[in-house]
Amino acid sequence: MRAQAPVEGRDYTLIQPPQTPATPDKIEVCEFFTYACPHCNAFEPMVGPWARSLPADVAFRRVPVNFLFNADNFQHTYYAL
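Residues numbered from 1 in each chain as written. Predicted model: local features only at pLDDT ≥ 70, side-chain atom pairs only at ≥ 80, totals over all residues. Heavy atoms only, no water.

(A) Main features of the pattern of salt bridges. By the definition in use, this model includes four salt bridges. The partner of Asp 11 in a salt bridge is Arg 10, with the nearest N and O atoms 3.0 Å apart. Arg 62 is the partner of Glu 44 in a salt bridge, and the nearest nitrogen-oxygen pair spans 3.1 Å. Pair noted here: Glu 44 is in helix 1 (residues 38–52) and Arg 62 is in strand 2 (residues 58–64), with a separation of 18 residues, a long-range link. In this structure Glu 44 comes out as partly exposed when scored by relative accessible area, which is 31%. Since its relative accessible area comes to 28%, Arg 62 is described here as partly exposed. Connected via shared salt-bridge partners are Glu 31, Glu 44 and Arg 62. (Salt bridge = Lys/Arg side-chain N within 4 Å of Asp/Glu carboxyl O. Helix = DSSP H or I, 4+ residues; strand = E, 2+ residues; numbered from the N terminus. Buried < 20%, exposed > 50% of the residue type's maximum accessible area, 1.4 Å probe, protein only.)

This is how it looks when you write it as structure tokens:
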């Protein structure tokens, strides 16, 4: 079975205007997560090894977000550390 190409508006949303990456000379991949999310936590064992094996022209960045209750305390700690 052949995988279908992602479709804008259904599978992803194009960000306009495009955002400047933290490392402009690299492809930037961002993981948006919440510390209190069990799904984000379950995904970590796959993301960690994958992120360590990325090519030199790819930058991986984790971005904590507040989509669960009381996650702002975790966000403040993340950026303070």
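(B) The environment of Tyr 35, seen in detail. Mapped onto the secondary structure, Tyr 35 falls in the loop between strand 1 (27–33) and helix 1. Using a relative accessible area of 40% as the deciding quantity, one classes Tyr 35 as partly exposed. Here the alpha-carbon distance between Tyr 35 and Thr 23, two residues 12 residues apart in the chain, equals 25 Å. Non-local contacts of Tyr 35, meaning those with residues more than four positions away in its chain, are made with Pro 64, Phe 74 and Tyr 78. (Contact = heavy atoms within 4.5 Å.)

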